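# Inside the fold
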Amino acid sequence: MLMTKHLKPFTKWVGGKRQLLPELLKVLPPSFGDYYEPFVGGGALFFELAPKQAVINDNNKELILAYQVIESDVESLIDELKKHKKNDSREYYLDLRSADRDGRIEKMSNVERAGRILYMLRVNFNGLYRVNSKNQFNVPYGKYKNPRIFDEENLRNISCYLNENDISILHGDFETATKNAKQGDLVYFDPPYVPLSPTESFTGYTADGFGYDEQVRLRDLFVKLTDRGVYVIVSNSSSELVYDLYKPVAKTIVEVGATRMINSDAQKRGKVNELLIVNF
Ligand SMILES: C[S@@+](CC[C@H](N)C(=O)[O-])C[C@H]1O[C@@H](n2cnc3c(N)ncnc32)[C@H](O)[C@@H]1O
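Figured I'd write up the structure that's included with this text. Fair warning: this is a prediction, and the values are worked out from it, not measured in the lab. (Residues numbered from 1 in each chain as written. Predicted model: local features only at pLDDT ≥ 70, side-chain atom pairs only at ≥ 80, totals over all residues. Heavy atoms only, no water.)

## Focus on the site of the ligand
Our working rule: Near, as used in this document, describes a residue that has one of its heavy atoms within 4 Å of the molecule or strand being considered. Two N or O atoms count as a polar contact when they lie within 3.5 Å, although within protein this holds only if one can serve as hydrogen donor and the other as acceptor, and sequence-adjacent residues are included solely when both atoms are side-chain atoms. Accessibility throughout is a Shrake-Rupley quantity obtained with a 1.4 Å probe, and a residue counts as covered only by protein chains that appear here.
Close to the ligand lie 26 residues, the nearest being Trp13, Lys17, Gly42, Asp58 and Asp190. Between Trp13 and the ligand, the recorded distance is 2.8 Å, taken from a side-chain N or O atom to an oxygen atom. Measuring from an oxygen atom of the ligand, one finds a backbone N or O atom of Gly42 at 2.8 Å. Expressed as a share of its isolated accessible area of 610 Å², the protein-covered part of the ligand is 98%.

Structure (structure tokens):
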């Protein structure tokens, strides 16, 4: 049997969990059945664990398309990324970005769409995924000197891994993604965080947003999965609201420090506490 090579996320993703990995690894149960990650994003923990049986999900269509294309046609995707790398410039980026404004995106193949989003996230401002209310991508071009547009070897390793193991890649809601989770399985939820300061708008990464009601729905799902004997870990900010939601239902709440670089206000960057909420 082939050993899986060490895998890394293939894209930048806001809220990426690479810095939190050591803490996450400490709280994992010693063994578990299938692995579920319903808000997979860049998949830092998923790729670190590289489980043999897993369900990954996100409600971001372009992102999930990228996972699917890496699985089904990684060589064409690499060719597409090579093309973008060769042509990379602000004008080129802005033209490709506007494909979701003039209908071109509808005529693109899945490989072209995946190549577009992966290229854009490497060269744009802070690797942000942000769309307006019409679902049009609106992040400006970044100021990197020599952005690394893709890592060919990592993409091929991920493709092998996805093909050689039993990994379901879903595009949908977090609750639906866990419907088959059973006793002894592990679910890691990394939702859009509750903002720490009440002045920040309480919305999510996509046009849908992820507000208070969604946080409550996630907490209720935490309780349901606990009743079914599923191991559950949730990460979230250390806001009062998160404590209020989980204190009555969690077995353990671990406070961890994490450096957030996403805030454009330098004053607000730095150490903030995040929580790992665990039911075992
Ligand atoms: C904090 S990020 C996850 C980051 C990820 N752990 C990583 O390492 O990159 C949250 C993710 O939840 C997704 N999301 C938001 N609302 C969702 C929903 N209702 N169902 C599923 N995914 C959702 C977003 O698209 C985003 O990718």
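## Some details on unusual backbone geometry
Our working rule: Helix and strand labels come from DSSP, where a helix needs a run of H or I of at least four residues and a strand needs a run of E of at least two; each type is numbered from the N terminus. Burial classes: relative accessible area under 20% of the type maximum marks a residue as buried, over 50% as exposed, and values in between as partly exposed (1.4 Å probe, protein chains only).
Phi is positive for Asn126, which is not a glycine, with a value near 60°. Residues other than glycine seldom take positive phi values, yet Asn135 does so here, at roughly 65°. Position of Asn135 among the secondary structure elements: in the loop between helix 7 (110-123) and helix 8 (152-164). Judged by its relative accessible area of 48%, Asn135 falls in the partly exposed class.

## What to know about the nonpolar core
Rules: The term nonpolar core refers to a set of buried residues drawn from Ala, Val, Leu, Ile, Met, Phe, Trp, Tyr and Cys, joined through side-chain atoms within 4.5 Å. The contact criterion used is simple: two residues touch if any of their non-hydrogen atoms lie within 4.5 Å.
Phe10, Phe46, Tyr67, Tyr119 and Phe137 are the most contacted members of the largest nonpolar core, which has 61 residues in total. The dominant element in this core, judged by the number of residues it contributes, is helix 7, at eight residues. In this structure Tyr119 touches Leu81, His84, Asp88, Ser89, Tyr92, Tyr93, Leu96, Tyr141 and Ile149, once residues within four positions along its chain are discounted. Tyr36, Phe189, Leu245 and Ala250 belong to the second largest nonpolar core, which has 24 residues in total.

## Examining the pattern of salt bridges
In plain terms, the rule: What counts as a salt bridge is simple: a side-chain nitrogen of Lys or Arg found within 4 Å of a carboxyl oxygen of Asp or Glu.
Applying the stated rule across the entire model yields 20 salt bridges. Here Lys182 makes a salt bridge to Asp34, at a shortest N to O gap of 3.6 Å. Remark: Asp34 occurs in the loop between helix 1 (21-27) and strand 1 (35-37) and Lys182 occurs in the loop between helix 9 (174-177) and strand 4 (186-189); sequence separation between them is 148 residues. Three or more residues joined by partner-sharing salt bridges are found here, namely Asp173, Glu175, Glu214, Arg217 and Lys224.

Keep in mind these values describe shape, not function.
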